[in-house]
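Single-letter residue listing:
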Amino acid sequence: MTVPVEIPHGNRRGRPLYKDLSVQTLVAMLLGVLVGYLWPQSADSLRPLGDLFIRLVRMIVAPIIFCTVVHGIASVGEARRVGRVAVKTLIYFEIVTTLALVLGLVLVNVWAPGAGMNVDASTLENRDVQDVEQSARPLGYGEFLVSLVPTSAVGAFAEGDVLPVLFFSVMFAFALLSLGPKGKPMVDAIHAVSQVLFKMIGFAMYIAPLGAFGAIAFTVGRFGPSSLLALGSLVVMFYVLCALFVVLVLWPIAWGFGIDLLRLVRYIGTELMIVVGTSSSESVFPRLHAKLRQLGVDPPVVSLVLPTGYAFNHDGTCLYFASVAVFLAQAVGIQLSIGQQLGLLAILLATSKGGAGVAGSAIVVLASTLAATGTIPVASVGLILGVHRLLSSAFVPVNVLGNAVATLAIARMEKAIDLHTLESELRRPVGTDIAADAVDVEPRRQDVAMHRLR
């Protein structure tokens, strides 16, 4: 039975648009494009603004994942229920990411943006490519499994990789769950720490527009409009591909679970704007977590599904891997057979799970995938270095939207969502920023979360 939850209305009244974070971020990005175009020599000096914001948020992401996962599992009360949600979540992620990979392979073969380029890969060697090659290495299933376990608990948090932090958090949560009532004081303490961390994120969001400004200004200033459009066919194809995935995959899923996708996009519009500018999905994890709770999803479900999605559900990145890998093969004149493309698909099913939501990590994982195929030269990655940032401005928002839809879908499966709250929140007027409310209402939801997961 779904128990209605009263949502505080302190921030519901509309505010001037210029005070809305999404509007501020959009204006900052437009100014960044203008500054990067008019004063390209300022590109390097503006880059630290974007890097500073990403580092500021990443500093807090690992502790937040730990606190939310531990508190979420401990709040459920039974390991069997946690396992049920986890199994549904992983099956969902595997199906959707496979659809993304297949759709990417189909469109790149039909569109064939790299056909006829006849590029000699040996001419592409440069320092940037060498740096990528040094970071890239083939990742087998065995290495992937080993990478799940951190060498030390402290190291997991120091390095900030999502998978080891998630693994440690799950183990800690089940150990705490096994203590029963004796573990409740620690559960309450962890919950209190998570609230402090979310308040810290609220402070960090004040400079989000500045970070987006610096990141966009650097991209345009460093590469220039002409170089960003040099591989126009690939860029256009990829943006069409991302739109097709949203329409053909995410929209039917959302419709099937009674979610208005357009209203959801508007609701998390600020977060989508931020990741377009920063190319880092980690930069919005805390706010996305808060907004999903505000939509009426029980905190334990959000705390289980969303961090797992950040590790295993990279819908947009899978589109990027599949389409760009085949594009590079076309560009250097390699004809991949159906069998080779199916082999590439199998490799991508493993390598796509290893990338974190860190800006720039996708290109290293792509190089690792090419190294694993042994067919497509890693040096060909140099072809897309100039437009990678433009491509990431499309696939990172798809990652964020895909994880939001996934969390709501799993919550509907588990009947762990207040549908009245979902509907009313999605109809909020434009110009209200509500992420702070979600922290305030969480304690009220803890009392009813247990009932919804039964």
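Computed from a predicted model, the values in this text were never measured in an experiment.

**Student:** How do you make sense of the overall build of the chain when you look at a structure like this?
**Tutor:** Tallying secondary structure elements over the chain gives 20 helices and zero strands in all. The 454 residues of the chain split such that 56% are buried. Considering only residue pairs separated by 6 or more positions, the chain has 87% of its internal contacts joining residues 24 or more positions apart. On the chain, roughly 18,600 Å² of surface is accessible, and the fraction owed to carbon and sulfur atoms is 66%.

**Student:** In this structure, what is going on with the pattern of salt bridges? I would like to understand it.
**Tutor:** Note on pairing: side chains with opposite charge can pair once their charged atoms come close. Applying the stated criterion across every chain, the model contains eight salt bridges. Two residues, aspartate 188 and lysine 184, come together in a salt bridge whose shortest N-O distance is 3.0 Å. Of this pair, aspartate 188 and lysine 184 both sit in helix α8 (residues 184-204), four residues apart, which is roughly one turn of the helix. Among the ionic contacts, a cluster of salt bridges with common partners joins Arg84, Lys88 and Glu414.

**Student:** What's the story with the packing of helix α1 (residues 21-38) against helix α12 (residues 269-278) in this structure? I'm lost.
**Tutor:** The description of two helices packed together rests on the angle between their axes and the distance between the axes. Across the interface, α1 lies against α12 with an axial gap of 8 Å and an inter-helix angle of 25°. Between α1 and α12, the angle falls in the class roughly parallel. As α1 runs across α12, the sense of the crossing is left-handed. Contact residues: Leu21, Ser22, Thr25, Leu26 and Met29 in α1; Gly269, Thr270, Met273, Ile274, Val276 and Gly277 in α12. Taken together, the residues of the contact of α1 with α12 sort by class into six nonpolar, five polar and no charged.

**Student:** Would you explain α8 in this entry?
**Tutor:** Turn by turn, an α-helix covers 3.6 residues, leaving residues three or four places apart pointing in a common direction. A rise of 1.5 Å per residue sets the reference length of α8, with its 21 residues, at 30 Å; its end C-alpha atoms lie 31 Å apart and thus fit the reference within 8%. For α8, the full list of buried residues reads Val187, Ile190, His191, Ser194, Leu197, Phe198, Ile201 and Ala204. The buried residues of α8 occupy an angular sector of 120° when projected down its axis, which confines them to one face. What points out from α8, more than 90 degrees from its buried face, is the exposed set Pro185, Val196 and Phe203.

**Student:** Where do I start with the side chain of threonine 97 in this structure?
**Tutor:** In this fold, threonine 97 is placed in helix α3 (residues 79-111). One polar contact links the side chain of threonine 97 to the main-chain carbonyl oxygen of glutamate 94, over a distance of 3.3 Å.

**Student:** Help me understand the environment of glycine 333 in this model?
**Tutor:** Here glycine 333 is to be found in the loop between α15 (315-331) and α16 (338-351). Overall, the relative accessible area of 42% leaves glycine 333 in the partly exposed class.

**Student:** Looking at this structure, I do not really get a nonpolar patch on the surface. What am I missing?
**Tutor:** A cluster of nonpolar side chains, contributed by Val27, Leu31, Leu34, Tyr37, Leu38 and Trp39, occupies part of the molecular surface with about 600 Å² of accessible area. Inspection of the secondary structure puts tyrosine 37 in helix α1. Taking the relative accessible area as the measure of exposure, tyrosine 37 reaches 52% and is therefore exposed.

**Student:** Help me out: how do you make sense of the packing of aromatic side chains in this one?
**Tutor:** Here the structure, examined in full by the defined rule, presents nine aromatic pairs. On the basis of an interplanar angle of 85° and a centroid distance of 6.3 Å, the ring pair of phenylalanine 238 and phenylalanine 395 is categorised as edge-to-face. Taken as a pair, phenylalanine 238 in helix α10 (residues 232-256) and phenylalanine 395 in helix α18 (residues 388-413) lie far apart in primary sequence, 157 residues in all. Among the aromatic side chains, those forming a connected cluster through ring pairs are Phe238, Tyr320, Phe321 and Phe395.

**Student:** Would you explain the confidence of the model for the chain in this entry?
**Tutor:** Note: predicted coordinates in regions of low pLDDT should not be interpreted at a detailed level. Mean pLDDT over the chain: 77, with 76% of residues reaching 70 or higher. Considering each helix and strand of the chain separately, the mean pLDDT is smallest for helix α20 (residues 435-452), with a value of 44, and largest for helix α11 (residues 261-267), with 94. Considering only residues more than four positions removed or in separate chains, one finds that residues 1-13, a stretch of pLDDT under 50, has 33 contacts. A low-confidence stretch, residues 436-454 stays under pLDDT 50, and its non-local contacts, those more than four residues away or across chains, total 61 contacts.

How each quantity is defined
Residues numbered from 1 in each chain as written. Predicted model: local features only at pLDDT ≥ 70, side-chain atom pairs only at ≥ 80, totals over all residues. Heavy atoms only, no water. Helix = DSSP H or I, 4+ residues; strand = E, 2+ residues; numbered from the N terminus. Buried < 20%, exposed > 50% of the residue type's maximum accessible area, 1.4 Å probe, protein only. Contact = heavy atoms within 4.5 Å. Areas by Shrake-Rupley, 256 points an atom, 1.4 Å probe, with all protein chains shown as cover. Salt bridge = Lys/Arg side-chain N within 4 Å of Asp/Glu carboxyl O. Axes fitted to C-alpha atoms, helices over the stretch in contact; angles between N-to-C directions. Parallel < 35°, antiparallel > 145°, perpendicular 65-115°, else oblique. Left-handed = near helix turned anticlockwise from the far one by under 90°. Nonpolar A, V, L, I, M, F, W, Y, C, P; charged D, E, K, R; others polar. Expected span 1.5 Å × (residues − 1). Arc of directions from axis to C-beta. Polar contact = N/O pair within 3.5 Å; in protein donor to acceptor, adjacent residues only side chain to side chain. Patch = residues over 30% accessible without salt bridge, like charges linked within 9 Å, V, L, I, M, F, W, Y side chains within 5 Å. Phe/Tyr/Trp six-rings, centres within 6.5 Å; stacked < 30°, edge-to-face > 60°. pLDDT = per-residue confidence, 0-100.

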